[in-house]
Amino acid sequence: MPHAVDFDTVSTAGLESSPVAAALAGLRANEARYFKNKYSHVFTVEPAGESASIIDWVHRILEEERGIVISARPLEATEFQVENIRMAYVFYENGLSINVMYTLDDSGKRAVGFKLSDGMEIPEELASFKFARQKSKLAGTIRGSYFVIKNEY
(Lines give C-alpha, C1' and ligand atoms only; values in the text may rest on other atoms or scores of the structure.)
Protein backbone atom coordinates (compact mmCIF):
# COMPACT_ATOMS: atom_id res chain seq x y z
CA MET A 1 0.00 0.00 0.00
CA PRO A 2 1.62 3.30 -1.06
CA HIS A 3 1.99 6.01 1.56
CA ALA A 4 2.93 9.68 1.26
CA VAL A 5 6.26 10.69 2.80
CA ASP A 6 5.82 13.46 5.36
CA PHE A 7 8.77 15.85 5.44
CA ASP A 8 7.39 17.91 8.33
CA THR A 9 7.31 14.94 10.71
CA VAL A 10 10.00 12.48 9.60
CA SER A 11 9.02 8.86 10.21
CA THR A 12 11.05 5.67 9.92
CA ALA A 13 7.90 3.70 8.94
CA GLY A 14 8.89 1.08 6.39
CA LEU A 15 12.60 1.53 7.10
CA GLU A 16 12.81 0.13 10.64
CA SER A 17 15.11 -2.77 9.72
CA SER A 18 17.85 -0.41 8.51
CA PRO A 19 20.78 0.16 10.89
CA VAL A 20 20.62 3.83 9.82
CA ALA A 21 16.80 4.06 9.76
CA ALA A 22 16.60 7.63 11.10
CA ALA A 23 19.13 8.96 8.57
CA LEU A 24 17.48 7.01 5.71
CA ALA A 25 14.09 8.40 6.75
CA GLY A 26 15.60 11.89 6.66
CA LEU A 27 17.02 11.22 3.20
CA ARG A 28 13.61 10.01 1.99
CA ALA A 29 11.95 13.09 3.52
CA ASN A 30 14.54 15.33 1.84
CA GLU A 31 13.54 13.90 -1.55
CA ALA A 32 9.85 14.34 -0.72
CA ARG A 33 10.39 18.01 0.16
CA TYR A 34 12.33 18.61 -3.08
CA PHE A 35 9.56 17.19 -5.30
CA LYS A 36 6.83 19.00 -3.37
CA ASN A 37 8.62 22.35 -3.62
CA LYS A 38 9.82 22.03 -7.23
CA TYR A 39 6.92 20.17 -8.88
CA SER A 40 4.04 20.20 -6.32
CA HIS A 41 4.31 16.40 -6.42
CA VAL A 42 3.41 14.32 -3.36
CA PHE A 43 6.22 11.75 -2.94
CA THR A 44 4.73 8.33 -2.16
CA VAL A 45 6.54 5.05 -1.56
CA GLU A 46 5.46 1.44 -1.33
CA PRO A 47 7.07 -1.66 0.16
CA ALA A 48 9.60 -3.42 -2.05
CA GLY A 49 7.37 -6.50 -2.24
CA GLU A 50 4.72 -4.40 -3.99
CA SER A 51 7.11 -2.62 -6.37
CA ALA A 52 9.11 -5.39 -8.04
CA SER A 53 8.73 -3.89 -11.53
CA ILE A 54 10.24 -0.57 -10.40
CA ILE A 55 13.14 -2.27 -8.64
CA ASP A 56 13.74 -4.57 -11.62
CA TRP A 57 13.89 -1.55 -13.98
CA VAL A 58 16.42 0.26 -11.78
CA HIS A 59 18.53 -2.89 -11.32
CA ARG A 60 18.46 -3.61 -15.08
CA ILE A 61 19.82 -0.12 -15.83
CA LEU A 62 22.59 -0.54 -13.22
CA GLU A 63 23.57 -3.95 -14.55
CA GLU A 64 23.47 -3.09 -18.25
CA GLU A 65 25.08 0.35 -17.99
CA ARG A 66 27.84 -0.33 -15.45
CA GLY A 67 27.71 -4.00 -14.40
CA ILE A 68 26.56 -2.96 -10.92
CA VAL A 69 24.62 -5.42 -8.78
CA ILE A 70 23.36 -3.99 -5.50
CA SER A 71 23.82 -6.43 -2.63
CA ALA A 72 21.58 -4.63 -0.10
CA ARG A 73 17.93 -5.53 0.34
CA PRO A 74 15.43 -3.02 -1.10
CA LEU A 75 12.90 -1.78 1.46
CA GLU A 76 10.77 0.68 -0.51
CA ALA A 77 10.42 2.06 -4.02
CA THR A 78 8.44 4.57 -6.03
CA GLU A 79 7.97 5.59 -9.62
CA PHE A 80 6.26 8.70 -10.99
CA GLN A 81 6.40 11.26 -13.75
CA VAL A 82 6.94 15.01 -13.32
CA GLU A 83 6.71 17.12 -16.45
CA ASN A 84 8.39 14.89 -19.08
CA ILE A 85 10.71 13.09 -16.64
CA ARG A 86 10.17 9.53 -15.44
CA MET A 87 11.57 9.16 -11.92
CA ALA A 88 12.19 5.98 -9.94
CA TYR A 89 13.60 5.63 -6.43
CA VAL A 90 14.67 2.58 -4.46
CA PHE A 91 15.55 2.83 -0.76
CA TYR A 92 17.77 0.03 0.61
CA GLU A 93 18.21 -1.47 4.05
CA ASN A 94 21.88 -0.41 4.27
CA GLY A 95 20.91 3.29 3.89
CA LEU A 96 21.47 3.63 0.14
CA SER A 97 19.02 5.49 -2.08
CA ILE A 98 19.17 5.06 -5.85
CA ASN A 99 17.19 7.20 -8.23
CA VAL A 100 16.77 7.09 -11.98
CA MET A 101 15.94 10.33 -13.80
CA TYR A 102 14.83 9.41 -17.30
CA THR A 103 13.70 12.26 -19.54
CA LEU A 104 11.14 10.96 -22.02
CA ASP A 105 12.38 13.22 -24.84
CA ASP A 106 15.05 11.50 -26.96
CA SER A 107 17.50 14.36 -26.42
CA GLY A 108 16.81 14.72 -22.69
CA LYS A 109 18.95 14.05 -19.64
CA ARG A 110 19.05 10.54 -18.22
CA ALA A 111 21.05 9.58 -15.17
CA VAL A 112 21.29 7.29 -12.16
CA GLY A 113 21.93 8.96 -8.82
CA PHE A 114 23.25 7.40 -5.63
CA LYS A 115 22.78 8.92 -2.18
CA LEU A 116 24.29 7.51 1.00
CA SER A 117 22.60 8.06 4.35
CA ASP A 118 24.57 9.64 7.16
CA GLY A 119 26.44 6.92 9.06
CA MET A 120 26.67 4.27 6.34
CA GLU A 121 29.82 3.07 4.60
CA ILE A 122 30.19 3.25 0.82
CA PRO A 123 28.96 -0.10 -0.52
CA GLU A 124 31.67 -2.18 -2.20
CA GLU A 125 29.80 -2.17 -5.51
CA LEU A 126 29.96 1.67 -5.57
CA ALA A 127 33.57 2.05 -4.37
CA SER A 128 34.74 3.37 -7.75
CA PHE A 129 32.47 6.45 -7.51
CA LYS A 130 33.49 9.76 -5.97
CA PHE A 131 30.85 11.12 -3.60
CA ALA A 132 30.17 14.80 -2.98
CA ARG A 133 28.82 15.94 0.39
CA GLN A 134 25.65 17.93 0.85
CA LYS A 135 24.13 19.20 4.10
CA SER A 136 20.44 18.65 4.76
CA LYS A 137 18.33 19.72 7.74
CA LEU A 138 16.31 16.53 7.34
CA ALA A 139 19.08 14.04 6.56
CA GLY A 140 22.30 15.41 8.06
CA THR A 141 25.16 14.92 5.61
CA ILE A 142 24.19 13.25 2.35
CA ARG A 143 26.90 11.86 0.10
CA GLY A 144 25.90 11.68 -3.54
CA SER A 145 27.19 10.57 -6.92
CA TYR A 146 25.75 9.73 -10.33
CA PHE A 147 26.39 8.48 -13.83
CA VAL A 148 24.79 9.32 -17.17
CA ILE A 149 22.63 6.66 -18.83
CA LYS A 150 23.77 6.01 -22.40
CA ASN A 151 21.20 3.45 -23.62
CA GLU A 152 17.40 3.43 -23.82
CA TYR A 153 15.20 1.73 -21.27
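Presented here is a report on the structure given in the accompanying data block. For clarity, every value in this text was computed on a predicted model and none was experimentally measured.

## Things to note about the sheet that holds strand S1 (residues 3-4)
And step 1. In spatial order, the strands read S1-S2-S3-S4-S5-S6-S8-S7; together these eight strands make up an open sheet with antiparallel pairing. Each having just a single partner strand, S1 and strand S7 (132-136) make up the two edges of the open sheet.
And step 2. The pairing of strand S2 (residues 44-47) with strand S3 (residues 74-82) spans two bridges and is antiparallel. Counted as the bridge partner of Glu 46 is Ala 77 from S3.
And step 3. Contacts from helix H1 (residues 21-39) reach S1, S2, S3, strand S4 (85-92), strand S5 (96-103), strand S6 (110-116), S7 and strand S8 (140-148), with the element oriented near 165° to S4.
And step 4. Across the face of the sheet, helix H2 (residues 52-66) comes into contact with S2, S3, S4, S5, S6 and S8 while running at roughly 95° to S4.

## Notes on the packing of aromatic side chains
And step 1. The full count for this structure, using the stated rule, is 14 aromatic pairs.
And step 2. Judged by centre distance (5.0 Å) and plane angle (85°), the rings of Tyr 34 and Phe 35 are edge-to-face.
And step 3. On the accessibility criterion, Tyr 34 (40% relative accessible area) is partly exposed.
And step 4. Its relative accessible area of 3% is what places Phe 35 among the buried residues.
And step 5. Seen from their ring centres, Phe 35 and Tyr 39 are 5.9 Å apart, and the 25° between their planes marks the pair as stacked.

## Overview of the nonpolar core
What tends to happen in soluble globular proteins is that the nonpolar side chains get buried as a cluster.
And step 1. Among the nonpolar cores identified, the biggest contains 28 residues, and Leu 62, Leu 96, Ile 98, Val 100, Val 112 and Phe 114 are the most heavily contacted of them.
And step 2. If you list the elements that add at least two residues to this core, you get H2, S4, S5 and S6.
And step 3. For this core, the leading source of residues is H2, giving six residues.
And step 4. Setting aside residues up to four positions removed in sequence, Ile 98 forms contacts with Val 58, Leu 62, Ile 70, Ala 88, Tyr 89, Val 90, Tyr 92, Val 112, Gly 113 and Phe 114.

## Overview of the side chain of Ser 97
And step 1. In this structure, Ser 97 sits in strand S5.
And step 2. On the basis of relative accessible area, Ser 97 is assigned to the buried category, the value being 1%.
And step 3. Each residue touching Ser 97, except ones within four places of it in the same chain, is listed here: Leu 27, Tyr 89, Val 90, Phe 91, Gly 113, Phe 114 and Lys 115.

## A word on the side chain of Glu 31
And step 1. Within the element layout of this structure, Glu 31 appears in helix H1.
And step 2. Within the structure, Glu 31 has its side chain in polar contact with the side chain of Tyr 89 (distance 2.6 Å).

## Some thoughts on the environment of Lys 109
And step 1. Mapped onto the secondary structure, Lys 109 falls in the loop between S5 and S6.
And step 2. Lys 109 gets classed as exposed once you look at its relative accessible area, which sits at 64%.
And step 3. In contact with Lys 109, not counting residues within four places along its chain, are Met 101, Tyr 102 and Thr 103.

## Concerning unusual backbone geometry
And step 1. Phi angles above zero are rare outside glycine, and Ser 40 is one such case at about 55°.
And step 2. Ser 40 sits in the exposed class, given a relative accessible area of 56%.
And step 3. Positive phi, normally seen in glycine, also occurs at Glu 83, with a value near 50°.
And step 4. Here Glu 83 shows up in the loop between S3 and S4.

Quick notes on the rules
Residues numbered from 1 in each chain as written. Predicted model: local features only at pLDDT ≥ 70, side-chain atom pairs only at ≥ 80, totals over all residues. Heavy atoms only, no water. Pairing = 2+ DSSP bridges. Helix = DSSP H or I, 4+ residues; strand = E, 2+ residues; numbered from the N terminus. Contact = heavy atoms within 4.5 Å. Axes fitted to C-alpha atoms, helices over the stretch in contact; angles between N-to-C directions. Phe/Tyr/Trp six-rings, centres within 6.5 Å; stacked < 30°, edge-to-face > 60°. Buried < 20%, exposed > 50% of the residue type's maximum accessible area, 1.4 Å probe, protein only. Core = buried A, V, L, I, M, F, W, Y, C linked by side-chain atoms within 4.5 Å. Polar contact = N/O pair within 3.5 Å; in protein donor to acceptor, adjacent residues only side chain to side chain.

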